[in-house]
Amino acid sequence: MLDLQDIVREFTVGPTQLRVLRGISIKFDAGEMVSITGGSGSGKTTFMNIVGLLDKPTSGRYLIDGQDVLQARADNLSALRNRLIGFVFQSFFLLPRLNAWRNVALPLMYRRTPEAEARRLAHEMLERVGLGDRTEHMPSELSGGQRQRVAIARALVGSPKLLLADEPTGALDTKVSQEIVDLFKQINRDFGVLVMIITHDPRVAAQCARRVVLRNGLLVAEEEAEAEMDAIALERFGQPLAKVS
Ligand SMILES: Nc1ncnc2c1ncn2[C@@H]1O[C@H](COP(=O)(O)OP(=O)(O)OP(=O)(O)O)[C@@H](O)[C@H]1O
Ligand SMILES: [Mg+2]
């Protein structure tokens, strides 16, 4: 479904050229559950922004379902993004003046879905993430875990094929974090959505069928990545990765 070929991303900062992604080639199939890990500054968010069509690479090719998306015009690109991709972030990014269901309905408003229909879909999605009884709550009246559920409902309300999450459990404690991971697993299973989670938490990565590791703007080979994840898990929990989840 996603085919990234030799993706390079450079930033110009003052007089220097920063090569943040240094040639990444990788494919993802529909319905995969993937973790993206790697040290701070290794390029995870930069990579996800490109996968999510929020940013364009300096060079490389990116095909989605065979379509070369980097050739698309900007307005087509945002339409594609809106239809195909849902985003979840560490800090939730809910609009503070909108209640839960109106936050969830936002992507539908951008698509000009009639309000009654948007309302119905938003309520249905909140039900799915376990917040059927919180639809009228304002973000400030919800716990961190509940806010993240609202954000997940918002990411899913437009039936995306791809769900991208950047440190979705970074602001949550271990128990709530696990509930959110369970929700991602359920979404992946029930909707067949390709779920990609950037995480620093080996417990989260351990529960993803495929683990991608970035180092210095390059992919770490899969076997080496497994060994590296095992080492981190051993250091943190005294057990290899498979036992940690
Ligand atoms: N817009 C930008 N302009 C200049 N440099 C940038 C820009 N965005 C990212 N970088 C640089 O690219 C590198 C990778 O950043 P990125 O945010 O992708 O890392 P990350 O792996 O997500 O790290 P973290 O785990 O801390 O979130 C960093 O050194 C950062 O300073
Ligand atoms: Mg990041």
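What you are looking at is a predicted structure, and each value in this text was computed from that prediction instead of being measured.

Caption draft 1: Up close: helix 5 (residues 144-156). Taking 1.5 Å of rise per residue, the 13 residues of helix 5 would be expected to cover 18 Å, and the 18 Å separating its terminal C-alpha atoms lies within 8% of that figure. Helix 5 sits mainly inside the fold: 10 of its 13 residues count as buried. Of all the positions in helix 5, only Arg-147, Gln-148, Arg-149, Val-150, Ala-151, Ile-152, Ala-153, Arg-154, Ala-155 and Leu-156 are classed as buried. Packing partners of the buried residues in helix 5 comprise strand 6 (85-89), helix 3 (100-110), helix 4 (115-128), strand 7 (162-166) and helix 6 (174-191).

Caption draft 2: Region of the structure containing the pairing of strand 8 (residues 194-198). Here strand 8 lies mainly inside the structure; 5 of its 5 residues are buried. Residues Leu-194, Met-196 and Ile-198 of strand 8 are buried on one face, and the alternating residues Val-195 and Ile-197, pointing to the opposite face, are buried as well. When strand 3 (residues 33-37) meets strand 8, the two strands line up parallel, connected through 4 bridges. When the sheet's bridge partners are listed, Ser-35 is paired in strand 8 with Ile-197. The β-α-β motif built from strand 7, the intervening helix 6 and the parallel element strand 8 has right-handed crossover chirality.

Caption draft 3: Structural view of the sheet that holds strand 4 (residues 59-64). With antiparallel pairing, the 4 strands of this open sheet are ordered in space as 2-1-4-5. Among the strands making up the open sheet, the edge pair consists of strand 2 (16-28) and strand 5 (67-68). Taken together, the 5 bridges between strand 1 (residues 2-13) and strand 4 define a ladder with antiparallel strand orientation. Of the residues in strand 4, the one forming a bridge with Gln-5 is Arg-61.

Here is what the cut-offs are and how they apply
Numbers given for residues are sequential positions, taken from 1 along each chain in its written order. For this description, chains carry letters from A and ligands carry numbers from 1, given in the order in which they are written. Per-residue local features are limited, in this predicted model, to residues with pLDDT of at least 70; the limit for side-chain atom pairs, both in listing and counting, is 80 or more; totals at the level of whole chains, interfaces and linings are taken over all residues. A run of H or I in DSSP becomes a helix once it reaches four residues, and a run of E becomes a strand once it reaches two; helices and strands are each numbered from the N terminus. Given the number of residues in a helix, its expected span is that number minus one, multiplied by 1.5 Å. Note on burial: count the other C-beta atoms lying within 10 Å of the residue's C-beta; 20 or more is buried, 12 or fewer is exposed, in between is partly exposed, and C-beta positions come from the backbone. Two residues qualify as a contact pair if the distance between their C-beta atoms, derived from the backbone, is within 7 Å. Only strands joined by at least two bridges in the DSSP assignment are considered to pair. Crossover handedness is defined by viewing with both strands directed away from the observer: a clockwise path from the first strand over the helix to the second marks the crossover as right-handed.

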